[in-house]
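Per-entry structural report
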Amino acid sequence: MQKHISDRISNIKKEDYFKKANLHTHSAASDGKREFDDLIEEALELGLEHFSISDHNTLDGYKNSKYKNHPVLIPAVEFDCFYQTSLIHILGYGIDIENPEINTICTKKKSETQYDIVRLFHSRHPKDAIDKIHKAGGIAVLAHPCCCSVLSLNYLVKKLKSFGLDGIEVYYPYARHRGIIKFHSRKKPYILAERYKLIKTGGTDEHGSLK
């Protein structure tokens, strides 16, 4: 599964983000506004060919979705992790949503999918998240890296790579608060992806409607 999903995402071209591919969105299953299946229907209406809903710390949306086996959909999750002095987000793509390993670090509390402060106090170690993603057949990707509050993004990515990180989010708009709370140049993720041979991914981080 890992090779299949890594090949699929690696073959998405830069120009396909965000017209044909959006791999970072959120539904009401975590802190988004749109219901899970409604968001998938919007993606299909827009003609997206690759689409992921990456709710925080939960796979419940996929488990309850009538579209969970749709070929356009790439199952995903976003884990809140804390490493050294920084809250970082690790995305898991192409995971088996029923895998018992990854479900051990998914939350059963709604508050841990919604509120930043609650998620901070229940964050995971990135190595644990990466390991569980791999055991579920997926690939692990660092989300919105320019917002990581570290002095050296290179050091962080190198360390995460040693934990098994597969990719880094390169095609990301840095809209809303993430456009203001930004610690690194938008060029840096691409440079690091090339340096450490990481898969380049992208998504809008939409929490509302796609339209």
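In the block above lies the structure referred to throughout.
Below you will find a few notes about this structure. Computed from a prediction, not measured in an experiment: that's the story for all the values here.

**Re the overall build of the protein chain**
A count of helices and strands for the protein chain gives 10 helices and seven strands. Relative to the 2.2 N^0.38 estimate, which gives 17 Å for 211 residues, the radius of gyration of the protein chain is 15 Å and therefore close to what a compact globule would have. Along the three orthogonal principal directions, the C-alpha set of the protein chain runs to about 45 × 35 × 35 Å. Classification of the 211 residues of the protein chain by burial places 55% in the buried group. In the protein chain, 32 positive and 27 negative side-chain charges are present, and the distance between their average locations comes to 7 Å.

**Focus: the pattern of salt bridges**
Considering all chains together, one arrives at 10 salt bridges under this definition. Residue Asp 31 pairs with Arg 119 through a salt bridge whose shortest N-O separation is 3.7 Å. Of this pair, Asp 31 sits in the loop between strand 1 (21-22) and helix 2 (36-45) while Arg 119 is found in helix 6 (residues 116-121), placing the two residues 88 residues apart along the sequence. As a salt-bridge pair, Glu 194 and Lys 200 come within 2.6 Å of each other at their nearest N and O atoms. The exposure class of Glu 194 is partly exposed, given its relative accessible area of 43%.

**Topic: the nonpolar core**
In a soluble, globular protein the nonpolar side chains are often hidden away together inside. Membership of the largest hydrophobic core comes to 59 residues, with the highest contact counts inside it found for Ile 9, Phe 51, Phe 79, Ile 88, Ile 90, Tyr 93 and Leu 142. Residue contacts for Ile 88: discarding those within four places in its chain leaves Phe 79, Asp 80, Cys 81, Tyr 83, Pro 126, Leu 142, Cys 148, Leu 156 and Leu 160.

**So, the side chain of Ser 27**
By secondary structure assignment, the location of Ser 27 is in the loop between strand 1 and helix 2. For Ser 27, a relative accessible area of 0% translates into the label buried. Looking at Ser 27, its side chain comes within polar contact range of the main-chain nitrogen of Ala 29, at 3.0 Å. Apart from the residues within four sequence positions on either side, Ser 27 is in contact with Gly 32, Arg 34, Glu 35, Phe 36, Leu 39, Ile 53 and Asp 55.

**Details of helix 2**
Taken together, the buried positions of helix 2 are Phe 36, Asp 37, Leu 39, Ile 40, Glu 42 and Ala 43. Gly 47 occupies a position one or two residues after helix 2 and carries a positive phi of about 80°.

Parameters at a glance
Residues numbered from 1 in each chain as written. Predicted model: local features only at pLDDT ≥ 70, side-chain atom pairs only at ≥ 80, totals over all residues. Heavy atoms only, no water. Helix = DSSP H or I, 4+ residues; strand = E, 2+ residues; numbered from the N terminus. Rg over C-alpha atoms; globule rule 2.2 N^0.38 Å. Buried < 20%, exposed > 50% of the residue type's maximum accessible area, 1.4 Å probe, protein only. Lys, Arg positive; Asp, Glu negative; His and termini not counted. Charge placed at Lys NZ, Arg CZ, Asp CG, Glu CD. Salt bridge = Lys/Arg side-chain N within 4 Å of Asp/Glu carboxyl O. Core = buried A, V, L, I, M, F, W, Y, C linked by side-chain atoms within 4.5 Å. Contact = heavy atoms within 4.5 Å. Polar contact = N/O pair within 3.5 Å; in protein donor to acceptor, adjacent residues only side chain to side chain.

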